[in-house]
Protein chains: 2
Amino acid sequence: MTPSDPVETRTEARPTQTATLAEIAREAGVSAPTVSKVLNGRADVAPATRTRVEELLRAHGYRRRRAEATRSPLIDLVFHELESAWAMEVIRGVENVARDAGLSVVLSESAGRLTPGRTWADQVAARRPHGVVLVLSGLDESQRALLTSRSIPFVVMDPAGDPGADVPSIGATNWQGGLAATRHLVELGHRRIGAISGPPQMMCSRARIDGYRAALETAGLPVDQQLIKTGDFHHETGYRLGRELLERPDRPTAVFAGNDLQALGFYEAARELGLRIPEDVSVVGFDDLPVARWVGPPLTTVRQPLTEMAEAAARLVLELGRAASREAPTATRVELATSLVVRTSTGPPPAR
Amino acid sequence: MTPSDPVETRTEARPTQTATLAEIAREAGVSAPTVSKVLNGRADVAPATRTRVEELLRAHGYRRRRAEATRSPLIDLVFHELESAWAMEVIRGVENVARDAGLSVVLSESAGRLTPGRTWADQVAARRPHGVVLVLSGLDESQRALLTSRSIPFVVMDPAGDPGADVPSIGATNWQGGLAATRHLVELGHRRIGAISGPPQMMCSRARIDGYRAALETAGLPVDQQLIKTGDFHHETGYRLGRELLERPDRPTAVFAGNDLQALGFYEAARELGLRIPEDVSVVGFDDLPVARWVGPPLTTVRQPLTEMAEAAARLVLELGRAASREAPTATRVELATSLVVRTSTGPPPAR
């Protein structure tokens with residue numbers, strides 16, 4: 001993992017399977033090679049047969065033995081959307097671990113849906129990677145069953161929703177980050193601090209805003225709902241909601257922008273209104289994308305160790321693959337530490 | 001392709017092969033299945049045998065027949081370095097074409113070397129993709145022979161060097177872009193225009209600077225070598241060379257920054273010296289990364305249609321795969337048009 005302070009929970013090893021491939025074949029009324037074909041994602045199986053076999057594999061909790069022998073030297077990496085400005089940091093992390101392990105990375109996009117399509121799962125089953133890293137993207141129950149029956153492990157990075165207690169995942173301490181960002185503003189003397197959150201269906205964005213609230217409350221400051229706007233992590237939203245906040249007669253003197261892209265949108269809103277950062281208004285981002293150092297003024301932000309998180313996710317998925325043969329327990333829920341990076345977009349509030 | 005004005009050349013179809021797999025086996029003194037194993041990238045072949053077989057395959061110009069039947073539903077995408085800020089645009093383009101064709105994308109990085117390593121070529125031979133798209137990265141002769149013998153087509157996107165007349169490639173009209181950027185500055189009234197180039201070993205960066213020179217010369221302006229700095233396309237270099245240019249007593253009133261990252265470094269240099277963009281100095285980038293719209297002031301730049309170029313490269317490689325069976329000629333050298341996007345980082349020179 002990393003030198004940061006990981007929060008871990010452990011899951012129990014799963015019960016050993018009972019049904020064999022031959023038993024599944026008998027129950028389905030097909031030959032053992034037909035079950036093999038289904039497991040290998042071959043196209044030459046009648047759809048009805050295939051569905052029946054998949055159902056039995058799932059009902060029996062079948063897990064392929066000796067999966068190592070038949071694995072391709074690949075890791076699958078699946079994004080919710082490649083638009084994400086930090087996708088590159090994640091790709092680099094997975095690529096680092098894959099290269100060291102002699103594996104190649106297969107990239108896909110679930111194209112805006114929060115679970116990748118059925119075709120995707122079939123393709124994965126057919127190519128038999130060492131494991132699957134999902135970014136901000138979950139799997140539905142049948143997809144999980146399909147991967148489990150092939151002994152293809154998976155890990156979710158930075159879960160969008162609550163991934164369920166038994167889904168291995170790597171996250172960051174989002175709540176701590178929201179807390180640190182807001183405390184920094186409080187310590188500079190700000191009393192009216194606004195926020196632009198990410199989409200509420202993503203747990204990471206909820207956690208950040210909860211950290212913001214906690215910082216205000218522990219400082220004895222009121223939480224003004226009018227100063228909390230709901231965004232979607234995109235630049236345009238940071239601009240639009242930034243204007244809403246800054247055009248108020250009682251505008252905040254500082255804003256926690258939820259992520260770096262929204263912070264950059266906020267910069268544009270301030271620029272258009274003739275407000276200087278940080279002299280007239282302070283702003284803090286979240287992520288620490290490379291661009292945060294390049295904008296003017298350089299952005300104070302909460303660093304999320306994205307490359308390290310991706311490396312941890314890739315290492316975890318490979319470890320799960322090895323553990324499947326040993327039935328050894330593994331730490332499967334990890335949060336890596338975030339840290340505040342103070343640059344020059346934050347300063348004391350203007351004298352009034 | 002795209003509605004832009006493509007520059008095309010055509011290559012001749014290659015001569016039909018003569019030696020069969022059985023003949024290669026006889027000449028190498030091994031069995032035909034052993035030659036098959038080498039072609040399939042299997043590990044269970046003695047290194048000496050393997051080398052001998054590879055040499056014969058190459059000497060005879062062997063090309064696998066019926067390659068379609070044994071292909072995996074994959075496209076390989078190889079980057080010179082994933083650091084590149086525009087890698088995401090390229091990945092998205094290849095991903096779009098792959099998804100429509102029911103293929104997945106395997107991503108690798110040649111880790112700063114200009115040709116990917118030997119291990120990479122072996123892995124590609126073993127996984128038998130439909131084709132390989134190389135970004136700013138070439139192949140050495142033995143790697144080309146290895147892919148050719150397996151009938152795995154490849155296309156180079158935005159060649160770093162001169163890829164050779166028979167290498168299929170997709171580029172952009174870099175020279176036209178450098179010309180348009182510099183003409184824009186000349187038309188605004190600038191007479192002392194500096195430039196920060198990319199690395200001279202990349203043909204794209206040479207072409208941009210040649211376009212810059214052509215614009216000055218056709219406007220009857222002198223080309224001052226002292227105002228042309230050699231960079232490496234990174235932010236830090238734009239900052240450092242930007243300071244060098246701006247600290248001159250006879251500093252230029254405008255700069256063509258070679259790419260967007262160098263332009264952003266130049267912004268930082270201007271900020272530190274208390275110079276306003278565009279009131280005190282104008283700057284033009286190249287690429288039109290998303291961040292060009294987000295910085296203050298939004299950057300005037302030359303748009304390179306990166307996603308469309310990547311789509312064209314992926315489509316071309318699939319077309320070459322189909323053409324191999326038909327021996328049909330294909331347009332294999334294409335340059336897509338660049339276009340100037342005028343934002344607010346450029347204006348008339350300051351009155352002196």
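Nothing here was measured: the structure is a model prediction, and the numbers come from that model. (Residues numbered from 1 in each chain as written. Chains lettered and ligands numbered in written order. Predicted model: local features only at pLDDT ≥ 70, side-chain atom pairs only at ≥ 80, totals over all residues. Heavy atoms only, no water.)

Novice: Explanation requested: the overall build of chain A in the structure shown.
Specialist: A tally of helices and strands in chain A yields 13 helices and 13 strands. Counting across all 352 residues of chain A, residues that qualify as buried make up 57%. When the accessible surface of chain A is summed, it comes to about 14200 Å², and 51% of that surface belongs to carbon and sulfur atoms. (Helix = DSSP H or I, 4+ residues; strand = E, 2+ residues; numbered from the N terminus. Buried < 20%, exposed > 50% of the residue type's maximum accessible area, 1.4 Å probe, protein only. Areas by Shrake-Rupley, 256 points an atom, 1.4 Å probe, with all protein chains shown as cover.)

Novice: Got a minute to help me understand the packing of aromatic side chains in this structure?
Specialist: The geometry of an aromatic ring pair is captured by two quantities: the separation of the ring centres and the angle between the planes. Residues and elements named next belong to chain A. Tallied over the full model, the rule gives four aromatic pairs over all chains. By the ring-pair criterion, three or more aromatic residues cluster together here, those being Tyr212, Phe256 and Phe286. In this structure, Arg208 is placed above the aromatic ring of Phe286, and the distance from its NZ or CZ to the ring centre is 3.8 Å. (Phe/Tyr/Trp six-rings, centres within 6.5 Å; stacked < 30°, edge-to-face > 60°. Lys NZ or Arg CZ within 6 Å of the ring centre and 35° of its normal.)

Novice: I would appreciate a short explanation of the sheet that holds strand β8 (residues 228-230) of chain A in the present structure.
Specialist: One key point about sheets: their strands pair by backbone hydrogen bonds, in either a parallel or an antiparallel sense. Residues and elements named next belong to chain A. Spatial strand order, β8-β7-β9-β10-β11-β13: six strands in an open sheet with mixed pairing. Here the strands that pair on one side only, and so sit at the sheet edges, are β8 and β13 (339-341). Averaged over all neighbouring strand pairs, the angle between strand axes comes to 20 degrees, with direction disregarded. In the sheet, strand β9 (residues 254-256) pairs with strand β10 (residues 282-287) via three bridges, with the strands oriented parallel. Looking across to β10, one finds that Val255 is bridged to Val283. On top of the sheet, helix α8 (residues 174-187) reaches β7 (193-197), β9, β10, β11 (300-303) and β13; it is set at about 165 degrees to β10, its chief contact. (Pairing = 2+ DSSP bridges. Axes fitted to C-alpha atoms, helices over the stretch in contact; angles between N-to-C directions. Contact = heavy atoms within 4.5 Å.)

Novice: Where do I start with helix α2 (residues 32-39) of chain B in this structure?
Specialist: Helical geometry: 3.6 residues make up each α-helical turn, so side chains three or four residues apart lie on a common side. Residues and elements named next belong to chain B. Taken residue by residue, α2 has Thr34, Val35, Val38 and Leu39 as its buried positions. The buried residues of α2 occupy an angular sector of 145 degrees when the element is viewed end-on, so they sit on one face. Looking one or two residues beyond α2, the residue adopting positive phi is Gly41, at roughly 70 degrees. (Arc of directions from axis to C-beta.)

Novice: Could you clarify how one ought to interpret unusual backbone geometry in this entry?
Specialist: Negative phi characterises most residues that are not glycine, and trans characterises most peptide bonds. Here the residue pair Ile277 of chain A and Pro278 of chain A is connected by a cis peptide bond, since its omega of 5 degrees sits within 30 degrees of zero. Assignment of secondary structure puts Pro278 of chain A in the loop between α11 (260-272) and β10. Backbone geometry at Arg128 of chain A places phi at a positive 50 degrees, although glycine is not the residue there. Within the secondary structure, Arg128 of chain A is located in the loop between α6 (118-127) and β4 (131-135). By relative accessible area, which is 24% here, Arg128 of chain A ends up partly exposed. The phi angle at Asp287 of chain B is positive, at roughly 130 degrees, despite the residue not being glycine. Tracing the sequence through the fold places Asp287 of chain B in strand β10 (residues 282-287).

Novice: Is there a simple way to think about the nonpolar core in this case?
Specialist: In summary, soluble globular proteins display a tendency toward joint burial of nonpolar side chains. Residues Leu77, Phe79 and Ile91 of chain A together with Leu77, Phe79 and Ile91 of chain B are the most contacted members of the largest nonpolar core, which totals 122 residues. If we skip the residues at most four places from it in the chain, Leu77 of chain B touches Val90, Ile91, Val94, Val105, Val106, Leu107, Ser108, Val133 and Val135 of chain B. (Core = buried A, V, L, I, M, F, W, Y, C linked by side-chain atoms within 4.5 Å.)

Novice: What is the right way to look at the sheet that holds strand β11 (residues 300-303) of chain B in this model?
Specialist: All names here are of chain B. Spatial strand order, β8-β7-β9-β10-β11-β13: six strands in an open sheet with mixed pairing. Where the open sheet ends on each side, the last strands, each with one partner, are β8 (228-230) and β13 (339-341). Strand after strand, the sheet turns through a mean of 20 degrees between neighbouring axes, direction not considered.

Novice: Is there a simple way to explain the interface of chain A and chain B in this structure?
Specialist: Where the parts come together, the accessible area they lose is often given as the size of the interface. Counting residues at the interface gives 30 residues for chain A, matched by 30 residues for chain B. Between chain A and chain B lies a buried interface of about 2700 Å² when both sides are counted; carbon and sulfur atoms form 56% of it. Contact with chain B buries surface across chain A, with Met88, Leu107 and Trp294 of chain A losing the most and accounting together for 23% of the total. Of the charged contacts in the structure, one is a salt bridge between Arg99 of chain A and Glu109 of chain B, with a shortest N-O distance of 3.0 Å. Counting every contact that joins chain A to chain B gives 13 residue pairs in polar contact (both at pLDDT 80 or more). (Buried area = accessible area lost by both parts, 1.4 Å probe. Salt bridge = Lys/Arg side-chain N within 4 Å of Asp/Glu carboxyl O. Polar contact = N/O pair within 3.5 Å; in protein donor to acceptor, adjacent residues only side chain to side chain.)

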